[in-house]
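Structural description and commentary
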Amino acid sequence: KNISYLTPYYSELTGLYWAWKNIGADYIGLVHYRRYFSLKKSKDIHDVLNFDEIKPYLGKIKAFVPKKRKYYIETLYSHYEHTFDKLHLDCAERIISDKYPEYLNNYKKIISKTSGYMFNMMIMHRELLDNYCTWIFDILGKLRNRVDESRMTAFEKRYPGRVSEILFNVWLDRQIEIGSIKKSEIMEIPVINLY
């Protein structure tokens, strides 16, 4: 099962979808072709996070996320607005309001923050991943049905992947709020760029 034909829109999330649908592991994660988790500070391929480094945390930590990216003078909403059309986020908000109203307060809180877990990178326990993927892929599918993509450039068509970066924070905030995961079960890991 795959949605690889959506890669021009969803970017790396098509890889997450494939892993979600085809791998039965207890933990599943996603990194990029150039961005990786690393507990070391160098930018060497040998310093990419490996299983031996993460193994002691498995079972105690349910979600490994990249260190928060701080924008300082911008909110997550205004940062998105400076790169893409803010109507994408407004449309996502309407979808959440209609289909997942219990997430609406989390959405409003998150878009006003000046930092967040970005890059669509995570390693999560399977149960959480199932919950997240069911939620995010439903929203992104509805988003693409509501946004006119006919005049978009290839870069602009990547908006679902960019919207999902913010929505991951919304989803995680809600999971903390309802007790599906505790803050102590989330571990931030630095990200290194290799290229």
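Remember, it's a predicted structure, so these values are computed and weren't measured experimentally.

The next point concerns the packing of aromatic side chains. Within this structure, the stated rule accounts for 13 aromatic pairs. An angle of 25 degrees between the planes, with centres 5.4 Å apart, marks the rings of Tyr 80 and Phe 84 as stacked. On the basis of relative accessibility, which here comes to 7%, the residue Phe 84 falls in the buried class. Through a chain of ring-to-ring contacts, three or more aromatic side chains come together here, namely Tyr 10, Tyr 17, Trp 20 and Phe 137. Its guanidinium or amino end placed over the ring of Trp 20, Lys 21 lies 4.2 Å from that ring's centre, counting from NZ or CZ. Note that Arg 144 overlies the ring of Tyr 9, its terminal NZ or CZ placed 3.7 Å from the centroid.

Below, the discussion takes up the side chain of Glu 165. On the secondary structure map, Glu 165 appears in helix H8 (residues 159-178). Exposure remark for Glu 165: the relative accessible area of 10% places this residue in the buried category. Among the polar contacts listed, one links the side chain of Glu 165 to the backbone nitrogen of Phe 119, at a separation of 2.5 Å. Not counting residues within four places of it along the chain, the set of residues in contact with Glu 165 comprises Tyr 117, Met 118, Phe 119 and Asn 120.

Counting residues in hydrophobic clusters, the biggest one holds 66 residues, and the most contacted among them are Tyr 132, Trp 135 and Leu 167. Top element by residues in this core is helix H7 (residues 126-146). It accounts for 10 residues. The residues touching Tyr 132, leaving out its near neighbours within four places in the chain, are Leu 16, Asn 120, Met 122, Met 124, Ser 164, Phe 168 and Trp 171.

The next subject is helix H2 (residues 13-22). Leu 13, Thr 14, Leu 16, Tyr 17, Ala 19 and Trp 20 are the residues of H2 that are buried. Each element contacted by the buried residues of H2 is listed here: helix H1 (7-10), strand E1 (27-30), strand E6 (122-125), H7 and H8.

In this structure, the largest pocket spans a volume of roughly 440 Å³. Contributing to the lining of the largest pocket are 19 residues, with Arg 35, Phe 119, Arg 158, Arg 162 and Glu 165 lying nearest its centre. Elements with a minimum of two residues in the lining of the largest pocket: helix H4 (76-81) and H8. In terms of residue count, H8 provides more of the lining of the largest pocket than any other element does, four residues in total. Partitioning the lining of the largest pocket into residue classes produces seven nonpolar, five polar and seven charged. Looking at the second largest pocket, its volume works out to about 230 Å³. Lys 68, Tyr 117, Asp 173, Ile 176 and Lys 183 are the residues nearest the centre of the second largest pocket, which is lined by 14 residues in total. Elements that contribute at least two residues to the lining of the second largest pocket include exactly helix H6 (104-111), strand E5 (115-116) and H8. For the lining of the second largest pocket, the element with the highest residue contribution is H8, accounting for four residues. Within the lining of the second largest pocket, the residues separate by chemical class into six nonpolar, three polar and five charged.

Definitions and cut-offs
Residues numbered from 1 in each chain as written. Predicted model: local features only at pLDDT ≥ 70, side-chain atom pairs only at ≥ 80, totals over all residues. Heavy atoms only, no water. Phe/Tyr/Trp six-rings, centres within 6.5 Å; stacked < 30°, edge-to-face > 60°. Buried < 20%, exposed > 50% of the residue type's maximum accessible area, 1.4 Å probe, protein only. Lys NZ or Arg CZ within 6 Å of the ring centre and 35° of its normal. Helix = DSSP H or I, 4+ residues; strand = E, 2+ residues; numbered from the N terminus. Polar contact = N/O pair within 3.5 Å; in protein donor to acceptor, adjacent residues only side chain to side chain. Contact = heavy atoms within 4.5 Å. Core = buried A, V, L, I, M, F, W, Y, C linked by side-chain atoms within 4.5 Å. 1 Å grid on protein atoms, 1.4 Å probe; cavity = no way out; pocket = protein on both sides within 12 Å on 5 of 7 lines; lining within 4 Å. Points joined across faces, edges and corners; volume = space filled by probe spheres on them. Nonpolar A, V, L, I, M, F, W, Y, C, P; charged D, E, K, R; others polar.

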